[in-house]
Amino acid sequence: MRFGRFGLARWPIAIFALMMLAAACTFGEGASDDGGDGGTGGPVELTIWAHRSPSFNAAIRDSARAYEAEHPGVTITLETFGYDEYIQTLQTALPAGNAPDLIHMFGTWACTYTDFLRPVPEDVISLADAQERFYPGPLGGYTCDDTLYGLPQESNVEYGATLVNTQMADAAGTSTEGWASWDDLIADAQKLTVIQDGAMVRAGYHFTAGDGLAHSFLSLILQAGGSYLNEDGTAFTFNTPEGQEALGLLKRMADVPVIDPVLFNDDENWVGECYFTELCAMGLVGPWAVADYAPDYAQVAQNTVYVKLPPLEDSEAFVADSGWGMTVSTDSANPDVAWDFAAYATLDADAASQWNLTSATLPALVENAAGATRDELIASFPHFQTWFDVLPNAQFVGQLPDRDKLYYEIIYNNGLEALRGDVTIEQALQAIETEANETFG
Amino acid sequence: MASETIRLERRRRLFDGREGAQKRFVFAVMSPALIFMAVFMVLPIVWAFALSFFDFSPRRTGSPILGLGADNPFVGLEHYRQMTDFSSDATLNVRQFHTAVKVTLLFAFLVVPLNLLITLPLAAMIESVRDRVRPLFRTIFFLPVLASSVGVAIIWSFILHPQNGLLNGLITKITGRTTIVAWLDNPDLVYFGIPVALLMVIAAYLWQDIGYNMVIFIAALQAIPRSVTDAARVDGASAWQIFRHITLPLLRPTILLASILTMISAFQVFDLFQVMTEGRPDDQTLAMSLNIYRNAFRYQQMGWAAAMSVVLFLIVFVISIAQARLLRTRWEY
């Protein structure tokens, strides 16, 4: 069978052209600015997206059911995605105008999506009032150019205290109460380190995972009196005396050694796994790790306490990465109702406290870190005690152009090279500064 | 007037009469496949090619036309120009691109010959055993192909774990000394310029992949006429001479097919790298597919990632053409 010069080829081309046209027409559609019918009193259906996590999802569902009970016309549906899938779904759904009413978002993501998120209305809470009610660490992530784009529900902290295995500490005669200086901590960590035939079989203090290394480095710069961002936040400044002091201290720990960065890092013996399989005596990871690992490692969890890290140069300040919270998308047809629910879940002290209890997270609301709520949280999660003590020292890490790249590619890779002795501290700092400044574009 | 007549005649031939009916039938049965290909193959390729000329990030709104332009500006060939910057001042993105190209080429050019060196003799050996046990060997060697790549990567990661891994445990048992080697994480473990971490990924890849080519070679071996080898045997040729001078040349088209398929899949390996090493240590296992994924979905630099994927496409295309020309035969049996 022969076909004309264009013959059947014309049809696929036509179909393809139609599809391109359809794609062009639908792109960005749905970004509605109208107030929707939220105020008319009719039934309202809200959808909220979140990453898949049993405790977080249960906490969101509980908040939704409680809100629905108080607002009979409102139905809230939770849709969840695996973590990586969630990030990709947001990347495609937000520009395409297919986002749900509410997005459960990590604070440090918020400012990268401001084109697709609604600012928090003044009648929900003003920025000034929010700064009064929330810790600066979690709130900072949602504050973009002095505009608030979401409300946090938890304080995500990865620095300030370390896991300590009390059984190992007792056996080695080391402290489970705290250390006055880094020298004391390093001395204890050295006693806890086990080396056989020249190979480290147990690390004394594991801080060389992606988050641990980045948070340690940035926090120690702050404690040394420096800053990793210039005054207007437009450039990184790592190659400084404070940067040298921070990386120098971390390098000293690898030299002693209390950690072998080749055997203990993000890929091999990640800190949570390392600690709970008893390959590390102390490990730097946030309080969420205990909730995650305790069911599988009950015995180790029983022998676990969090101990406050020592200060450097008398400063206890440390960086924090915001936390999970509620945002409302520009695609929401019922933004008023969506914000009403977000306000209920985050600003109502009882609802917010219940959310923290169910999700095993530290509160973002200052008032929930005191009094009966604090006691209730500590009764459920005894290891929170130490974190409540250090929480006021947490500072928001700042608006970083690409936080993940800075942490997991730049600080992590160059930091490990320095700790292994492959490059000098000065070379590592220079590389970190150059590569980090490239992320400003 | 004449062109209008020709157009109408073409239209009549397309829709009327027996030939028209045939064309309509062909169009009807081909449409689902064409639509599928257009939506899931052609459209993404065209989109990726277009994106490579923009500094596109899904974090930014861009213009109403496909989100291109405005905050996602047109940069022309800038991404491709950056890729040719081999100076010491090149950005981290560019240096990682160069590393990824090197790693991917090294991986592919090690995997293809190793795969063929293992699978071809293996297929010949399996073909030489008794009929009753042959299916058993075929099944054993083909089983890893059926396993999920992520599962294979996790199993190999367990085997290679420094403290709890089988490999170090075995070495410790044999030597009597505690042996803790970070096979996947020690950047100083490099032999003949090849990082051990990359060799370990290659080992995992070969373990999973050899069954596939082995089955192809078994089918090809079975297709070689027995009369040819029998004639050689009558002429006094040894088993090795038969394999070297008869079997191997007759397998040339199959070797071409197997090497092209292996090369293409080696360039596209992602899951093993992602699960086993994530590009570490020190980017020694940063494959192009992994680098593209990271930039697109982790760092949301879609334009840059699209440009790298176009380069990956071109590399695979050129190498496949070269392979086809080098191994082409002008005869059949």
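Residues numbered from 1 in each chain as written. Chains lettered and ligands numbered in written order. Predicted model: local features only at pLDDT ≥ 70, side-chain atom pairs only at ≥ 80, totals over all residues.

Before going further, it helps to spend a moment on the interface of chain A and chain B. With 38 residues of chain A at the interface, the matching set in chain B holds 38 residues. If you list the elements that add at least two residues to the side of chain A that touches chain B, you get α1 (10-26), α3 (83-96), β10 (199-206), α18 (403-420) and α19 (425-438) of chain A. If you tally residues by element for the side of chain A that touches chain B, the top one is α1 of chain A, at seven residues. The residue makeup of the side of chain A that touches chain B, split by class, is 18 nonpolar, ten polar and ten charged. (Contact = placed C-beta atoms within 7 Å. Helix = DSSP H or I, 4+ residues; strand = E, 2+ residues; numbered from the N terminus. Nonpolar A, V, L, I, M, F, W, Y, C, P; charged D, E, K, R; others polar.)

Residues and elements named next belong to chain A. Between the first and last C-alpha of helix α9 (residues 210-223) there are 20 Å, a value that for 14 residues agrees with the 20 Å anticipated at 1.5 Å per step. Counting buried positions along α9 gives 14 out of 14 residues, so the element sits mostly inside the fold. A positive phi of about 95 degrees marks Gly225, the residue just after α9. (Expected span 1.5 Å × (residues − 1). Buried ≥ 20, exposed ≤ 12 C-beta atoms within 10 Å, placed from the backbone.)

Glancing now at the domain arrangement of chain A. Residues and elements named next belong to chain A. Each assigned domain of chain A is listed with its residue range as follows: domain 1 (45-157 + 321-396) and domain 2 (161-318 + 400-438). Opposite the 16 residues of domain 1 that make contact, domain 2 presents 16 residues. Those elements that provide at least two residues to the side of domain 1 that touches domain 2 are α17 (384-390) and β16 (394-396). Broken down by element, the side of domain 1 that touches domain 2 gets its largest block of residues, five residues, from α17. The residue inventory of the side of domain 1 that touches domain 2, partitioned by class, reads seven nonpolar, eight polar and one charged. (Domains from an automatic or database assignment.)

This part is about the nonpolar core. Judged by nonpolar contacts, the single largest core of 178 residues is most densely connected at Phe217 of chain A together with Val201 of chain B. Tallying contributions element by element places α18 of chain A first for this core, with nine residues. A domain split of this core shows at least three residues from each of domain 1 (45-157 + 321-396) and domain 2 (161-318 + 400-438) of chain A. Core analysis: the next-biggest nonpolar cluster, separate from the first, contains 14 residues, Ile210, Met214, Ile216 and Ala258 of chain B among them. (Core = buried A, V, L, I, M, F, W, Y, C linked by C-beta atoms within 7 Å.)

Moving on, we get to the sheet that holds strand β6 (residues 151-152) of chain A. Residue and element names in this part refer to chain A. Sheet architecture is open: five strands sit in the order β2-β1-β3-β14-β6, paired in mixed fashion. Here the strands that pair on one side only, and so sit at the sheet edges, are β2 (74-81) and β6. One ladder, built from two bridges, connects strand β1 (residues 44-51) with strand β3 (residues 102-106); its direction is parallel. Across the sheet, Trp49 pairs through a bridge with Ile103, a residue of β3. Packing against the sheet, α3 makes contact with β1, β2 and β3, and its axis sits at approximately 115 degrees to β2. Strand contacts of helix α14 (residues 335-347): β1, β2, β3, β6 and β14 (324-328), with the helix running at about 165 degrees to β14, the strand carrying the most contacts. (Pairing = 2+ DSSP bridges. Axes fitted to C-alpha atoms, helices over the stretch in contact; angles between N-to-C directions.)

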